[in-house]
Amino acid sequence: GAQVGFALPRESRVRLTIHDLQGRTVVLLVDGMVPAGHHRVTWEGRVGAMWAPAGLYFVCYETPEGRLVRRLAVAH
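Residues numbered from 1 in each chain as written. Predicted model: local features only at pLDDT ≥ 70, side-chain atom pairs only at ≥ 80, totals over all residues. Heavy atoms only, no water.

### Focus on the overall build of the chain
When helices and strands are tallied, the chain shows zero helices and eight strands. Seen in sequence order, the chain has helices and strands lined up from the N terminus as β-β-β-β-β-β-β-β. For the chain, the C-alpha radius of gyration of 12 Å lies close to 11 Å, the compact-globule estimate for 76 residues. Referenced to the eigenvectors of the C-alpha coordinate spread, the extents of the chain come out at roughly 35 × 20 × 20 Å. In the chain, which comprises 76 residues, the proportion classed as buried is 34%. (Helix = DSSP H or I, 4+ residues; strand = E, 2+ residues; numbered from the N terminus. Rg over C-alpha atoms; globule rule 2.2 N^0.38 Å. Buried < 20%, exposed > 50% of the residue type's maximum accessible area, 1.4 Å probe, protein only.)

### Details of the sheet that holds strand S8 (residues 66-74)
With respect to topology, four strands assemble into an open sheet ordered S3-S2-S7-S8, the strand pairing being antiparallel. Of all the strands in the sheet, the pair left with one neighbour each is strand S3 (25-34) and S8. Between one strand axis and the next, the sheet turns through 15° on average, direction left out of account. Both strand S2 (residues 12-19) and strand S7 (residues 55-63) contribute to a ladder of five bridges, which runs antiparallel. (Pairing = 2+ DSSP bridges. Axes fitted to C-alpha atoms, helices over the stretch in contact; angles between N-to-C directions.)

### A short note on the environment of Cys 60
In this fold, Cys 60 is placed in strand S7. Accessibility expressed as a relative area gives 1% for Cys 60, which makes it buried. Residues Cys 60 and Ile 18, spaced 42 residues apart in sequence, show a C-alpha to C-alpha distance of 6.2 Å. Leaving out residues up to four positions away in the same chain, Cys 60 has contacts with Arg 15, Leu 16, Thr 17, His 19, Arg 67, Leu 68 and Val 69. (Contact = heavy atoms within 4.5 Å.)

### Digging into the pattern of salt bridges
A complete count under the given rule lists five salt bridges for this structure. The salt bridge partner of Arg 10 is Glu 65, with a shortest N-O separation of 3.2 Å. Taken together, the residues span a long stretch of sequence, with Arg 10 in the loop between strand S1 (2-8) and S2 and Glu 65 in the loop between S7 and S8 at a distance of 55 residues. Its relative accessible area of 46% is what places Arg 10 among the partly exposed residues. We note a salt bridge from Arg 13 to Asp 31, for which the minimum N-O separation is 3.5 Å. Here Arg 13 is found in strand S2, whereas its partner Asp 31 is found in strand S3, with 18 residues between them in sequence. Arg 13 sits in the partly exposed class, given a relative accessible area of 45%. Ionic contacts of the salt-bridge type, sharing partners, join the residues Arg 13, Arg 15 and Asp 31 into one network. (Salt bridge = Lys/Arg side-chain N within 4 Å of Asp/Glu carboxyl O.)

### Looking at the side chain of Thr 17
As for its position among the elements, Thr 17 is in strand S2. A polar contact of 2.8 Å, which involves the side chain of Thr 17, links it to the side chain of His 19. When sequence neighbours within four positions are dropped, the list of residues in contact with Thr 17 reads Thr 25, Val 27, Leu 28, Phe 58, Val 59 and Cys 60. (Polar contact = N/O pair within 3.5 Å; in protein donor to acceptor, adjacent residues only side chain to side chain.)

Here it is in structure tokens:
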């Protein structure tokens, strides 16, 4: 699976989602309070019970301090 790492200086609300090229949210990985420190979340490349189609996706990381988006390529 694809690993997404992030670090928090203090406990914060985090929303971590995977979006397709059309901007639709396909997976919600984290939604809630996360303690300070380094964290790693793995997405196995599934959307529900199905494998996500190979291609380009976006990881969206949101906290009260801001939003970060980065690209993620999925190959099977």
